[in-house]
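Listed here are the chains, written in short residue letters.
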Amino acid sequence: MASAPTYVETQSRPGAFWGLLAAGGLFMLAAFAAFLHFEHSGHVVTGMDNQIVWGMPHVFAVFLIVAASGVLNVASIGSVFGKPAYKARAPLSGLLALAMMAGGLAVLAADLGRPDRLIVAMTHFNFKSIFALNMMFYSGFFAIVAAYLVTLMDRSLGGYNKVLGFLAFFWRLALTTATGSIFGFLIARTAYGSALMAPMFIIYSFAYGLAAFLIVQGGMYAWNSLKLDEGILARMKNLLAVFVGASLYFTAVMHLTSLYFARQIDYERFLLLDGGVYTATFWLGQVVVGGILPLVLLFAPGATQMRVIVASVLVVLGGLAQMFVTIVGGQAFPLEIFPGYAISSTFQDGVVNNYSPVLGEFALGFGGIALAFLITVVAVRVLRFLPQDDFATLKAED
Amino acid sequence: MSENNSRRGFLATSAAALAGLTLAPGIRLVEIAAAKPDHEPVTAKVRWGMLIDTTRCQSGCTECVSACGKENGLSEVTKPRTDAQWIRKIDLKELKTGRALSLPMMCQHCAHPPCVDVCPTGASFKRADGIVLVDRHICIGCRYCMMACPYKARSFVHEPLTDQNPEVPRGQGCVESCTLCVHRVDRGGTPACVEACAAAGGGNGGAMLFGDLNDPESAIAKRIREVKTTQVRADLKLDLGVRYEGI
């Protein structure tokens, strides 16, 4: 019955399971080595400098945090909007939200100048800072989603499920609003300082989160040689298409409004026309790979599970491209201190800033994904997270 | 015996008197030695500021930059991408007319500093007298302040440090910027850059003027009353402590 979803444990193929753990562990090890290297030698050994202060680790970290809040949507559609097909997927959605948030925050913390002072960040709050507010939202997110997960998996606490589902839903909206506002509140830089950043990040999170969910769900079904119900697949792929379309719409509105302000035309020209790697990453990465191609794959007739997974992978790649354009591209464009003047100095004033990330920065970023991956793989192994819509079919295949 | 007693009494009285004398002058000595005693908080009655006359600032002259480096223990800039630069010389050329000018750029010590607003831990802070500083004990090195500063005034310490000036403690992994030579100002002095600029100007004085913007009788307040001065990116309405003349 749809109203009483069932879940199965996946204890099959122990060898392959340990192989997955080893693969994830290797990425974690590489990230840890990079972390030690950066903290020992200082950030001088990275590609970041006094102009590009946030680099590749932030691209991965912010992506993971934004996707973490988005992946929880699957649970919200079940608990808040009462859709049974999504309710069966709520535990996996909650788990992925926690895992990806942990991965993102780990990367963010590892890239601090003084990661040893993490406790300071948790005990000293400047309440005017949107960054401090984000830290509170992240901590609350862990607590609320964990409690929500317990009510989903322990039927005796099921009575609290609806309330916590609502709380988690509103909390995640507030969290992504705050994450988008990290950039929205930067008045000095042309690329940021827009109120549109917050809602745009929310719609991005819908797309990235659902894409991540579909990839993991697809992997789990393939692992257990199961086939996802076609009706459910069709609904989820259409939802992803709506989110991808909405992301493209917000991106277009963001740049169109920006073009309307004369003082921002130079930045738009840089990003859309002659910004080199940033222009290419925007058009090819964010728009084509992350937007148009997935839409074509999702809307072409006869969508298969594999095609939906490919579309989801493209959305994730497009998401990383978007973060690169937003975070690094925004810093690469020269800060306009004296509008109307050509400017030069020993501090790279007036020039487009170069950024060549080193391998360790990628290692740190992939380490965040690996942490989320390991948490998911272990949790799925020991607890019942696999969404199962037709229990009888599963039993027959066993 | 009575003689002994009186001697003891004399010694006790003398010791007490001596103790009293030492304590009282002790306090006075501190007051005399420092313009602002360490135990007294800074006050908002003062707003430290700087006025830079760009018509007197020479392109190619970097006396202020060198003096800052020497005073604050910053190494010579050999790696422009990652070395800390608390003050830098900027050359400007107006796009329409070609008018050229040169000026030093550093922390503008805003009354409403964006770096202080965004700092998650409160490490970036503004003193009551308007000087914007970083508390190196609680800076976690997140670099959000560098994203927020409209003047690129801040540097991140990218490498381990050696040969620090004990009066200006710095630390790898923290963000830092011009302190307006707060350690000198608190003793009644002026920032090193201002002093060096004045020395370079010979008898004519320098291009930099330091003083209390709140004191109508100060040289800086008088000058700002007399000539047209500019706050950089005035559109942001940050109420800057550093003003420019001739832009």
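Residues numbered from 1 in each chain as written. Chains lettered and ligands numbered in written order. Predicted model: local features only at pLDDT ≥ 70, side-chain atom pairs only at ≥ 80, totals over all residues.

1. Focus on helix H1 (residues 14–41) of chain A
Residue and element names in this part refer to chain A.
- Helix length check: H1, at 28 residues, gives a terminal C-alpha distance of 40 Å against a target of 40 Å (1.5 Å per residue), a fit within 8%.
- For H1, the full list of buried residues reads Gly24, Met28, Ala31, Ala34, Phe35 and Phe38.
- On its buried face, H1 is in contact with helix H5 (90–110) and helix H14 (359–382).
- Phi for glycine 42, located one or two positions after H1, is positive at around 90 degrees. (Helix = DSSP H or I, 4+ residues; strand = E, 2+ residues; numbered from the N terminus. Expected span 1.5 Å × (residues − 1). Buried ≥ 20, exposed ≤ 12 C-beta atoms within 10 Å, placed from the backbone. Contact = placed C-beta atoms within 7 Å.)

2. Some details on the sheet that holds strand S1 (residues 48–53) of chain B
All names here are of chain B.
- Strand order in this open sheet of four strands is S8-S1-S10-S9, and the pairing throughout is mixed. With partners counted over all chains shown, the strands left at the sheet margins are strand S8 (208–212) and strand S9 (229–230), one partner each.
- Bridge analysis of S1 against strand S10 (residues 242–245) gives four bridges, and the strand direction is parallel. Within the sheet, the bridge partner assigned to leucine 51 lies in S10 and is arginine 243. (Pairing = 2+ DSSP bridges.)

3. Notes on the environment of Tyr221(A)
All names here are of chain A.
- Here tyrosine 221 lies in helix H9 (residues 197–223).
- Taking the C-alpha atoms as reference, tyrosine 221 lies 8.0 Å from leucine 386; in sequence the two are 165 residues apart.
- If sequence neighbours within four positions are ignored, tyrosine 221 has contacts with Leu226, Lys227 and Leu228.

4. Observations regarding the environment of Gln331(A)
Residue and element names in this part refer to chain A.
- Tracing the backbone shows glutamine 331 in helix H13 (residues 305–332).
- Overall, glutamine 331 belongs to the buried group, with 22 C-beta atoms counted inside 10 Å.
- Sequence spacing of glutamine 331 and serine 156 is 175 residues, and the spatial spacing of their C-alpha atoms is 51 Å.

5. Some words on the interface of chain B and chain A
- Listed as interface residues are 45 residues of chain B and, on the opposing side, 38 residues of chain A.
- Elements that contribute at least two residues to the side of chain B that touches chain A include exactly strand S2 (87–94), helix H3 (114–118), helix H4 (144–148) and strand S6 (155–156) of chain B.
- For the side of chain B that touches chain A, the element with the most residues is S2(B), which contributes seven residues.
- Note that strand S2 (residues 341–345) of chain A and S2(B) share five bridges and pair antiparallel. If you follow Ser344(A) over to S2(B), its bridge partner there is Asp91(B).

6. A word on the confidence of the model for chain A
- Confidence along chain A averages 92 in pLDDT terms, with 95% of residues attaining 70 or more.
- Overall, residues 391–398 of chain A carries pLDDT values under 50, and its contacts beyond four positions in sequence, including any with other chains, amount to five contacts. (pLDDT = per-residue confidence, 0-100.)

7. Quick word on the packing of H1(A) against H14(A)
Residue and element names in this part refer to chain A.
- At a minimum axis separation of 8 Å, H1 and H14 run at an interaxial angle of 145 degrees. Considering the relative orientation of H1 and H14, their crossing is left-handed. Every residue of H14 that contacts H1 at Phe17, Leu20, Leu21, Gly24, Phe27, Met28, Ala30, Ala31, Ala34, Phe35, His37 and Phe38 is listed here: Gly360, Ala363, Leu364, Phe366, Gly367, Ala370, Leu371, Phe373, Leu374, Val377 and Arg381.
- The residue makeup of the contact of H1 with H14, split by class, is 18 nonpolar, four polar and one charged. (Axes fitted to C-alpha atoms, helices over the stretch in contact; angles between N-to-C directions. Left-handed = near helix turned anticlockwise from the far one by under 90°. Nonpolar A, V, L, I, M, F, W, Y, C, P; charged D, E, K, R; others polar.)

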